[in-house]
Amino acid sequence: MSQSVKEQVKSGLRLGGGLAVFLIAMAPLADGFRRIVWAAPPHQLLWSPIGVAELIVAAGLLVSTAHLWVHYFGGCILFGTIKGCFALMAGTPIPRLELAWAVIIFSVTLVLIVAVISRGTPLIDRIALTVYVFSLGWSADKGLFMPSPSLAVGLAALLASWSFYYWRPHGLSTEQD
């Protein structure tokens, strides 16, 4: 049974709105990181009430709309993984070992995002996806696709989310979210 035109339009507007909110959430996220993380000396953070408020707004927007933008984000990770594989074969100014680690991290991320998409996005997955987006932004001023400890934190959040659903008792229902 196919969807009516009205249902297709509503679905398209919902997906487009979710993507728009994701892109809009990047503004307070980037500005909050600029105020708190990027302007600070290495291994320190600056205290900025405005920066904290911006990060809270960004987190709220990302968590509440994660089920809408996860497909777009997975596509971006896929594109980055493919581009990284081509860069490994062709050679770049980036050392191959660092690039190989980035490709491995993004490949594992892609597998975990596909798992999230296949089971829907309950609250714990939304939080894990938001933590991963925050971990990407944490060191974005030094180069977005370079391996860093913050990426390990984001990957750990996705792995924790995956293991929570993988190891849960099979008799429990997850329809509560």
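Relevant structure appears above.
Residues numbered from 1 in each chain as written. Predicted model: local features only at pLDDT ≥ 70, side-chain atom pairs only at ≥ 80, totals over all residues. Heavy atoms only, no water.

Asker: Quick question: what am I supposed to make of the nonpolar core here?
Answerer: Inside soluble globular proteins, nonpolar side chains tend to come together where they are buried. Formed by 31 residues in total, the largest nonpolar core has its most connected members in Trp69, Phe73, Leu129 and Tyr132. At the level of elements, helix H1 (5-38), helix H2 (49-90), helix H3 (96-119), helix H4 (123-138) and helix H5 (149-166) are the ones that each hand at least two residues to this core. A per-element tally of this core places H2 first, with eight residues. Those residues in contact with Tyr132 that sit more than four places away from it in its chain are Phe73, Ile77, Ile105, Phe106, Thr109, Leu151, Gly154, Leu155 and Leu158. (Core = buried A, V, L, I, M, F, W, Y, C linked by side-chain atoms within 4.5 Å. Buried < 20%, exposed > 50% of the residue type's maximum accessible area, 1.4 Å probe, protein only. Helix = DSSP H or I, 4+ residues; strand = E, 2+ residues; numbered from the N terminus. Contact = heavy atoms within 4.5 Å.)

Asker: So what exactly am I meant to see when it comes to a nonpolar patch on the surface here?
Answerer: Residues Leu97, Trp101, Ile104, Val108, Leu159, Trp162, Tyr166 and Trp167 make up a contiguous nonpolar surface patch of about 870 Å² in total accessible area. At the level of elements, H3 and H5 are the ones that each hand at least two residues to the nonpolar patch. The dominant element in the nonpolar patch, judged by the number of residues it contributes, is H3, at four residues. Within the secondary structure, Trp167 is located in the segment after H5. Its relative accessible area of 64% is what places Trp167 among the exposed residues. (Patch = residues over 30% accessible without salt bridge, like charges linked within 9 Å, V, L, I, M, F, W, Y side chains within 5 Å. Areas by Shrake-Rupley, 256 points an atom, 1.4 Å probe, with all protein chains shown as cover. Salt bridge = Lys/Arg side-chain N within 4 Å of Asp/Glu carboxyl O.)

Asker: Please explain H4 as it appears in this structure.
Answerer: Three or four residues apart is the spacing at which side chains of an α-helix point the same way, because the helix has 3.6 residues per turn. For H4, spanning 16 residues, the distance from its first C-alpha to its last is 22 Å, which sits close to the expected 22 Å at 1.5 Å a residue. All buried positions along H4 are accounted for by Asp125, Ala128, Leu129, Thr130, Tyr132, Val133, Phe134, Ser135, Leu136 and Gly137. Elements that come into contact with the buried residues of H4 comprise H1, H2, H3 and H5. (Expected span 1.5 Å × (residues − 1).)

Asker: Please clarify how the side chain of Ser48 should be interpreted in this entry.
Answerer: In this fold, Ser48 is placed in the loop between H1 and H2. Contacts of Ser48, omitting those with residues within four sequence positions, involve Arg35 and Ile36.

Asker: Explanation requested: the pattern of salt bridges in the structure shown.
Answerer: Opposite charge on two side chains permits pairing when their charged atoms draw close. Summed over the entire model, instances satisfying the criterion amount to four salt bridges. Among the ionic pairs, Asp31 bridges to Arg34, the shortest N-O distance being 2.6 Å. Within this pair, Asp31 and its partner Arg34 are both found in helix H1, separated by three residues, close to a single helical turn. The partly exposed category is assigned to Arg34, whose relative accessible area is 41%. A salt bridge links Asp31 to Arg35, with the shortest nitrogen-to-oxygen separation between them at 3.0 Å. Of this pair, Asp31 and Arg35 both sit in helix H1, four residues apart, which is roughly one turn of the helix. Overall, Arg35 belongs to the partly exposed group, its relative accessible area being 28%. Through salt bridges with shared partners, a single ionic network connects Asp31, Arg34, Arg35 and Glu54.

Asker: Got a minute to help me understand the packing of H1 against H2 in this structure?
Answerer: Each pair of packed helices can be summarised by the angle the axes make with each other and by the distance between the axes. One can describe the packing of H1 onto H2 by two numbers: an axis separation of 7 Å at closest approach and a directional angle of 150 degrees. The orientation of H1 relative to H2 falls into the category roughly antiparallel. Between H1 and H2 lies a crossing of left-handed hand. Here the contact of H1 with H2 is composed, by residue class, of 22 nonpolar, four polar and four charged. (Axes fitted to C-alpha atoms, helices over the stretch in contact; angles between N-to-C directions. Parallel < 35°, antiparallel > 145°, perpendicular 65-115°, else oblique. Left-handed = near helix turned anticlockwise from the far one by under 90°. Nonpolar A, V, L, I, M, F, W, Y, C, P; charged D, E, K, R; others polar.)

Asker: For this particular structure, what's the right way to read the packing of aromatic side chains?
Answerer: A ring pair, where both rings are aromatic, is described by two values, the distance of the centres and the angle of the planes. Throughout the structure, instances matching the rule amount to nine aromatic pairs. On the basis of an interplanar angle of 75 degrees and a centroid distance of 5.7 Å, the ring pair of Phe33 and Phe134 is categorised as edge-to-face. Placement of the pair is Phe33 in helix H1 and Phe134 in helix H4, with a sequence separation of 101 residues. Phe134 carries the same exposure label as Phe33, and that label is buried. The interplanar angle of 80 degrees and the centroid separation of 5.7 Å between the aromatic rings of Phe33 and Trp138 together place this pair among those described as edge-to-face. Here Phe33 is found in helix H1, whereas its partner Trp138 is found in helix H4, with 105 residues between them in sequence. Look at Phe33 and you get buried, because its relative accessible area is 2%. Ring-pair connections join several aromatic residues into one group, and the members of that group are Phe22, Trp69, Tyr72, Phe73 and Tyr132. (Phe/Tyr/Trp six-rings, centres within 6.5 Å; stacked < 30°, edge-to-face > 60°.)

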